[in-house]
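Architecture at a glance
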Amino acid sequence: MIHRMQPEPLPLEGITVVAVEQAVAAPFATRQLADLGARVVKVERIDGGDFARGYDTAAQGLASHFVWCNRGKESVALDLKDPRGLDVVRRLVAGADVFVQNLAQGAAARLGLDAVTLCGEHPRLIAVDISGYGPSGPYAGKRAYDMLVQCEAGLVSVTGTPGQPVKAGIPAADIAAAMYAFSGVLAALVRRGTTGRGGPVEVSMLDALAEWMGHPLHHAMHGGTPPARTGLAHSVIVPYDAYSTADGGHVLLSVQNDREWRRLAQQVLERPEMADDPRFATNAARVADREHVDAVVARALGALGADEAVARLEAAGIACARLRDVTEVAEHPQLAARNRWRDVGSPVGPLRALLPPITLPGGEETRMGSVPRLGEHTGVVLRALGMTEADVAELRRDGVVR
């Protein structure tokens, strides 16, 4: 007789998170916690909520940023300028395991919702302050939007072409801060399991993205020169770039060592004489004659369709990829083959979304709850705090909650 074991519960089952959050950095961090089983209560402004709700209407009338970062949360709409609204947050925090905020610098402290204050009142609480530039220093009070931090962290200086620096096409600074906040919470929960104490967690967008700048930063600090902007090419490896194909596609390839170069020359370029030619046989030589090497590769791949080019490169053991646009990624055969897509609920009906990257084999599938409408859970949450229907109605009438 085969005994089927029950799947392991999600690792954050039973953890309650309260978040006074907006935009991307904090919401993306708390969405990771929700996906792993935590209950996340999202506190929003009564006048429009998280301003990311208004970024666009691309997701069937909802904002794409908001849909991406806020599934699986309970939305509570409060006026924190009213003492009664602030009291609701304090009562929620008293029963929470984690508090996360990314308000403008100084705003949380004025409300008494900064990490140091809250952890002093609740020793088991883990309280996360996410900021643009950190709590001190000359930049502490500066506005910190993603593009601005990308510039301050140097990411823009190494992205683009020789003639044109560009920002990353995704909010890299926000995502970096979000993921360090997420991992900081997990580390603090482990520590609390050992010591019984929570504590503050601080994450800044600049610190997070500066860490991600590790390779170019160390290259410049220790080598004396910053890496050149080379578009899709690699600054110190050749050939390593995107090449046009006969059918209008683009194929990227990367030659990591001289053995691979010989295979590329013989089996793909059909130029066996170049395999051991001293002008091309080493990476240093190829970098020195980058223009010639790239021209040869471009001619060879330009005579092939994209599928044929990829097939020939793979047969030769050369790392390669298709240059896909976002629409093509949504139909990527690898994501489809691994069943990585799910439908999540929303105020406008089911929306397609990717499973989170963290997979826990043998456990329950990560929780992908619905995207909430503004204030959808206000009544339920307030009643769970012990308020009566009359109490909730009074707060609604006075514009304290929505």
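Quick look at the structure, then. (Residues numbered from 1 in each chain as written. Predicted model: local features only at pLDDT ≥ 70, side-chain atom pairs only at ≥ 80, totals over all residues. Heavy atoms only, no water.)

Examining the pairing of strand β2 (residues 39–45)
By the criterion of burial, β2 is predominantly enclosed, with 5 of the 7 residues buried. Here strand β1 (residues 16–20) runs beside β2; their pairing, made up of 5 bridges, is parallel. Paired with V20 across the two strands is V43, which belongs to β2. Sheet topology places β2 next to strand β3 (residues 73–78); 6 bridges connect them, and they run parallel. Among the inter-strand pairings, K42 is bridged to a residue of β3, identified as S75. Viewed along the sheet, the connection from β2 through helix α2 (residues 64–69) into β3 turns out right-handed. (Buried < 20%, exposed > 50% of the residue type's maximum accessible area, 1.4 Å probe, protein only. Helix = DSSP H or I, 4+ residues; strand = E, 2+ residues; numbered from the N terminus. Pairing = 2+ DSSP bridges. Right-handed = clockwise from strand over helix to strand, strands pointing away.)

Describing the sheet that holds strand β4 (residues 98–101)
Strands in a sheet are paired, the pairing made by backbone hydrogen bonds, and the direction either parallel or antiparallel. Read across the sheet, 6 strands follow the order β3-β2-β1-β4-β5-β8 without closing on themselves; strand pairing throughout is parallel. Because the sheet does not close on itself, it has two edges, and the strands there are β3 and β8 (199–204). Averaged over all pairs of adjacent strands, the angle between their axes in this sheet comes to 20 degrees, without regard to strand direction. Across 4 bridges, β1 lies against β4 in parallel orientation. The residue of β4 that forms the bridge with V18 is F99. (Axes fitted to C-alpha atoms, helices over the stretch in contact; angles between N-to-C directions.)

Some points on the side chain of T378
With respect to the element layout, T378 can be found in helix α16 (residues 378–384). On the basis of relative accessibility, which here comes to 0%, the residue T378 falls in the buried class. Not counting residues up to four positions away in its chain, the partners in contact with T378 are S75, V76, A77, R396, V401 and R402. (Contact = heavy atoms within 4.5 Å.)

With respect to the packing of helix α1 (residues 25–35) against helix α7 (residues 172–195)
Direction vectors running N to C along α1 and α7 enclose 40 degrees, while the axes themselves pass 8 Å from each other. Judged by the inter-axis angle, α1 sits oblique to α7. In this structure, α1 meets α7 at a crossing whose hand is right-handed. For the pair α1 and α7, the contacting residues are A25, F28, A29, Q32 and L33 in the first and D174, I175, A177, A178, M179, A181, F182, V185 and L186 in the second. Residue composition of the contact of α1 with α7, by class: 12 nonpolar, 1 polar and 1 charged. (Parallel < 35°, antiparallel > 145°, perpendicular 65-115°, else oblique. Left-handed = near helix turned anticlockwise from the far one by under 90°. Nonpolar A, V, L, I, M, F, W, Y, C, P; charged D, E, K, R; others polar.)

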